[in-house]
Amino acid sequence: MLTITLTNDWSKRLEPELSAPYMLKLRSVLEQKYRSETVYPCKEDLFNALNYTSYDQTKVVILGQDPYHGPKQAHGLSFSVQPGIKPPPSLKNIYKELREDIGCPVPEHGCLEHWAKQGVLLLNTVLTVEEGQPGSHQGLGWERLTDAIIGALNDRERPVVFILWGKHAEQKASVIDSNKHHIMISPHPSPFAARKGFFGSKPFSRTNAFLDSIGSGPIDWCLPVSPSSDRL
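These lines cover the structure that appears in this document, whether it is placed above or below.

Re the state of the cysteines
Step number 1: In total, this model carries one disulfide according to the counting rule given.
Step number 2: Between the sulfur atoms of Cys 104 and its disulfide partner Cys 222 the distance amounts to 2.0 Å. Disulfide Cys 104 to Cys 222: torsion about the S-S bond roughly -80°, handedness left-handed. Residue Cys 104 is found in the loop between α5 (89-102) and α6 (113-116), and its partner Cys 222 is found in the segment after α9 (203-213); the two are separated by 118 residues along the sequence.
Step number 3: Left without a disulfide partner, Cys 111 is nearest to the cysteine sulfur of Cys 42, which lies 14 Å away.

See the structure below:
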């Protein structure tokens, strides 16, 4: 059965969920899939989103759909790719909006660990995918776990900014208290949807404005030139 290792306060928060029957089944199914198919990300990176950004540290959630399905891309953080891998089209569009919104220079790499280490939970609604088959692990049980993750943050007194990109992410709005937390919904940054409302949505400046309004420190969205200086 697939081993789950959480290294911070998420471990206690999610303990009942991780031992629930549906999760035990999912872990068993995934163990078999990792043996028989090419699955991304690798087992060691599967819970990077939670391990990089603790429950207590989380200020912002950027929610995507499922991991990148190409070789060496996904490493457990939504929209991020491993150092040395060319940024995919969706991430290039995020960088364009970042530059237009707050003037950050566009980096050559696609590693977003700098955001995760500041309290940006880079979460997908589904945490695994088969090579070359986007959406292939939908319906296996991940959606229930990510509902629980979002639900735990929703229960927190200190408000969180939820940035929901795309229809799959938007569905999670139903489990978030909009009277307490700040929700931003826009189309996915993929080339197929970015011009339908993602560009011009100004998620980065709007996030920092909200964080400032509640007395929480802003996120430094400008990424380092090299990701190597920002590794754990």
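As for the nonpolar core
Step number 1: Core analysis: the largest hydrophobic core is formed by 67 residues, its most contacted members being Trp 10, Ile 62, Trp 115, Trp 142 and Trp 221.
Step number 2: Discounting chain neighbours no more than four positions away, the residues touching Trp 115 are Ile 62, Ile 94, Leu 98, Val 120, Leu 122, Phe 204, Asp 220, Trp 221 and Leu 223.

So, helix α3 (residues 21-36)
Step number 1: The end-to-end C-alpha distance of α3 is 23 Å, a good match for the 22 Å that 16 residues give at a rise of 1.5 Å each.
Step number 2: Among the residues of α3, Tyr 22, Met 23, Leu 26, Arg 27, Leu 30, Glu 31, Lys 33 and Tyr 34 are the ones counted as buried.
Step number 3: Tucked inside the fold, the buried residues of α3 contact α2 (15-18), β1 (39-40), β4 (129-130) and α7 (142-154).

So, the side chain of Asn 93
Step number 1: Tracing the sequence through the fold places Asn 93 in helix α5.
Step number 2: Accessibility expressed as a relative area gives 7% for Asn 93, which makes it buried.
Step number 3: Apart from the residues within four sequence positions on either side, Asn 93 is in contact with Pro 189, Ser 190, Pro 191, Ala 194, Phe 198 and Phe 199.

Here we look at the sheet that holds strand β6 (residues 182-186)
Step number 1: With respect to topology, four strands assemble into an open sheet ordered β3-β2-β5-β6, the strand pairing being parallel. Looking at which strands have only one partner, the edges of the open sheet turn out to be β3 (120-124) and β6. Averaged over all neighbouring strand pairs, the angle between strand axes comes to 15°, with direction disregarded.
Step number 2: Relative to strand β5 (residues 161-165), strand β2 (residues 60-64) runs parallel, the two being bridged by four bridges.

Comments concerning unusual backbone geometry
Step number 1: At the junction of Tyr 40 and Pro 41, the peptide bond is cis and its omega measures out at -5° in the coordinates.
Step number 2: By secondary structure assignment, the location of Pro 41 is in the loop between β1 and α4 (48-52).
Step number 3: In the Ramachandran plot, Lys 72 falls in the positive-phi region, its phi being about 65° despite a non-glycine side chain.
Step number 4: Its location among the elements puts Lys 72 in the loop between β2 and α5.
Step number 5: On the basis of relative accessibility, which here comes to 62%, the residue Lys 72 falls in the exposed class.
Step number 6: We note that Lys 202 has phi near 50°; this positive angle belongs to a residue other than glycine.
Step number 7: Position of Lys 202 among the secondary structure elements: in the loop between β6 and α9.
Step number 8: Among the residues examined, Lys 202 registers a relative accessible area of 39% and is labelled partly exposed.

Thresholds, definitions, all that
Residues numbered from 1 in each chain as written. Predicted model: local features only at pLDDT ≥ 70, side-chain atom pairs only at ≥ 80, totals over all residues. Heavy atoms only, no water. Disulfide = S-S within 2.5 Å. Helix = DSSP H or I, 4+ residues; strand = E, 2+ residues; numbered from the N terminus. Core = buried A, V, L, I, M, F, W, Y, C linked by side-chain atoms within 4.5 Å. Buried < 20%, exposed > 50% of the residue type's maximum accessible area, 1.4 Å probe, protein only. Contact = heavy atoms within 4.5 Å. Expected span 1.5 Å × (residues − 1). Pairing = 2+ DSSP bridges. Axes fitted to C-alpha atoms, helices over the stretch in contact; angles between N-to-C directions.

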